[in-house]
Every structure is written in structure tokens, then in C-alpha cells.
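Below, each chain spelled out in residue letters.
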Amino acid sequence: MNVIRTVAELRAALLGPRRAGRTIGLVPTMGAFHEGHLSLMRQARRECDVVVVSLFVNPAQFNDPADLERYPRDAARDEALAAEIGVDHLFAPGVDEVYPSGFTTAVSVAGITETLEGAHRGRAHFDGVTTVVSKLFNMVGPEVAYFGQKDVQQALVIRRMVRDLDMPVRIEVCPTVREADGLALSSRNAHLSPDDRARATALHRALNAVQEEVSAGERDPAALRARALAELEAAAIEPDYVELVSTDTLAPVSRLDGEALAVLAAHVGATRLIDNQLIQPSLNHNREVATPLRAPTIA
Ligand code: PAF
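Parameters at a glance
- Residues numbered from 1 in each chain as written.
- Predicted model: local features only at pLDDT ≥ 70, side-chain atom pairs only at ≥ 80, totals over all residues.
- Heavy atoms only, no water.
- Near = heavy atom within 4 Å.
- Polar contact = N/O pair within 3.5 Å; in protein donor to acceptor, adjacent residues only side chain to side chain.
- Areas by Shrake-Rupley, 256 points an atom, 1.4 Å probe, with all protein chains shown as cover.
- Nonpolar A, V, L, I, M, F, W, Y, C, P; charged D, E, K, R; others polar.
- Phe/Tyr/Trp six-rings, centres within 6.5 Å; stacked < 30°, edge-to-face > 60°.
- Helix = DSSP H or I, 4+ residues; strand = E, 2+ residues; numbered from the N terminus.
- Axes fitted to C-alpha atoms, helices over the stretch in contact; angles between N-to-C directions.
- Parallel < 35°, antiparallel > 145°, perpendicular 65-115°, else oblique.
- Left-handed = near helix turned anticlockwise from the far one by under 90°.
- Contact = heavy atoms within 4.5 Å.
- Buried < 20%, exposed > 50% of the residue type's maximum accessible area, 1.4 Å probe, protein only.

Peer 1: Provide a residue-level description of the site of the ligand, including the pertinent values.
Peer 2: Residues in contact with the ligand, as listed here, are Pro28, Thr29, Met30, Asn58, Gln61, Val132, Phe147 and Gln154. With respect to the ligand, the side chain of Gln61 contributes an N or O atom lying 2.6 Å from an oxygen atom. Within the side chain of Gln154, one N or O atom sits 2.6 Å away from an oxygen atom of the ligand. Summarising the interface, the protein chains cover 89% of the accessible area of the ligand, which totals 290 Å² for the free molecule. Tallied by class, residues from the shell around the ligand come to four nonpolar, four polar and no charged.

Listed below in C-alpha cells is the structure:
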């Protein structure tokens, strides 16, 4: 596996394969790899001739400098894990390579960035994500890029950007990977104290409870939210939000007549966690729903 630091080296490494018509897949990451990242890399490895993983902790998407400072980093471990999976190129540029002095451009998606995470973290968060992801797409030129469903709003925002700007890349949204007790894998889980780690399982229980109620016939989003809130309250977790939203627009749904997303965010101790689940009225038993959002779900 090549570890590449500059855009010039990256372009040189991809020129031959591109000219030979090889499929290039990109897995954009901020490092601190866990099984969620590795599952994206494995899927890319299965589906593409050349796999590029980018590792860049993007300062532009952090609204809190302390959060950026304490974001977990372990470059040596990340390199070893990516090499084990058979990644071809690990692109790990420095901040000056991505944002050289005089950088003033931003890519901004309106609408679906203004709700949920956008409302809580501020507009600059998604502007930071879309700006860096469009730069990565221009640097790598992938046919396909892989994102996790855990950050579902991010995935939908990127799909919208790709559609609106005619970017020639397919966005694959891959299922959330969970611990055995349901906690969605996240680099931030490393910050949870043992007590908070135990309490954090309530997030997944809350989402499952929504599916259970829907499977039992409940269609009223207010009743479904109340059920999820009760699960969180039992674990002494006060959420930033719990919502049932459209899989297209992320707008709150007024009735569960078709598929919807249950989304939530909460501080567990000092760590802010997010999670979501596709809620399916046709599902008549309580089981993990790992269905990734299919490409046509965004209009
Ligand atoms: O999901 C992430 O790790 C980041 O938001 C991404 C997509 C790599 C952009 O910095």
C-alpha cells in the first residue's frame, strides 16, 4: 500500500489505472479506523479495481476547536489496518496541502443542511464537509465513493451535492456497523467512560422501540417520539433531537405511511453521539434494520 501525502503524487499514481479504464473507488475518512470504516474499505475492495482511502481530519467541519483537538488520531494503526484490507493508496495529506494559503472557496448545499445536525452544529459543519469532499472527488476522480449510513444526513447532503453539481461519481451508502449490544461504531465511542458506554446502548434501544411500535401498528410520529424518549430518559439521556423524518428531504413526517428515518443525537456524558434507523411499516417483527439507503431515495 502506498501512503501518499500530495495531490501531485496521488494524480501520478492514478493516471495509469485511469487510462487503462480501471474503476477507482474512494473511501473518505478522518482516520481512527473502526470496523465501520473497514467495512466500507472491504466493500470498495470487492467492487473496484483501485481503492483509495483518504485520511484527513478536516478542521473546516469542526464547530468546536476543543472537539478537533481531542479527535482520536492513530496514523500507524490506521495504515496497518488499511494495508491488511488491501487498500492500494492511503492518501493522508497535511492541512496545507488541502487548504493552501489563500484558499477562499466553499461548496454549500442549502435546505437539508439546515435541519438536525446542521441546526445543532451550525451551517459551517456541512459546508466544511461538502467543501472537503468535493476537493477529494477532484483530487481522486473516483467512479464510486463509500459513506456510512450512521452519518445519514452527511450521506444525503453529499448525494444532493453530486446531483446538483453533476459530479460523475456514484455515492454508496453502506449499513451502520454495531457492537453486539447495538451501539453504533463511532470514533467518538473511545471517549465514553465505562458508565456512559453502558448508558449509550439506550440510543439503539430507542430506535428499535420506534420500529417495534410501528410494527405493532402505531403511525403517529408524536407517539413514536414519546416511546423513543422514554427509552432515553430511562438511561438519563437528554437528546438534542429525536425525529421521524423523510428519507428524501429529512423533513419531519406527519404520519408513518411509508418508510421513514428515525434519527437522534444526544450527549452521553461529554460525548455527543448520533444514530439513525430506517423505519419500515411493512416490517412485522422486531429485528435490526441495517438496510442502507438505496440510491433512488433522494429525489
Ligand atoms: O465522515 C467523515 O469521516 C467525514 O465527515 C468525511 C466524509 C471524511 C469528510 O471529512
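Following the structure, the description resumes.
Peer 1: Tell me about the packing of aromatic side chains, and please be specific about residues and values.
Peer 2: Throughout the structure, instances matching the rule amount to three aromatic pairs. Taken together, Phe56, Tyr99 and Phe103 form an aromatic cluster joined through their ring pairs.

Peer 1: Lay out unusual backbone geometry in plain terms, naming residues and giving numbers.
Peer 2: Here Asp166, not a glycine, exhibits a phi torsion of approximately 55°, which is positive. With respect to the helices, strands and loops of the structure, Asp166 is situated in the loop between helix 8 (152-164) and strand 6 (170-174). Positive phi outside glycine occurs at Ala236, with the angle close to 55°. Note that Ala236 resides in the loop between helix 11 (221-234) and strand 7 (239-245).

Peer 1: Report on the packing of helix 7 (residues 123-140) against helix 8, specifying residues and quantitative values.
Peer 2: Running from amino to carboxyl end, helix 7 crosses helix 8 at an angle of 55°, the nearest separation of the two axes being 10 Å. As judged from the angle between their axes, helix 7 and helix 8 are oblique. The interaxial crossing formed by helix 7 with helix 8 has right-handed handedness. Contact with helix 7, carried on its side by Phe126, Val129, Thr130, Val133, Ser134 and Phe137, involves Gln153, Gln154, Val157, Ile158, Met161 and Val162 of helix 8 and no other residues of that element. Here the residues of the contact of helix 7 with helix 8 sort into eight nonpolar, four polar and no charged.

Peer 1: So what's going on with the environment of Ala223? Which residues, and what values?
Peer 2: Among the secondary structure elements, Ala223 is positioned in helix 11. When its relative accessible area of 29% is taken as the criterion, Ala223 is described as partly exposed. For the pair Ala223 and Val210, spaced 13 residues apart in sequence, the C-alpha separation works out to 9.1 Å.

Geometric values such as these leave the question of function open.
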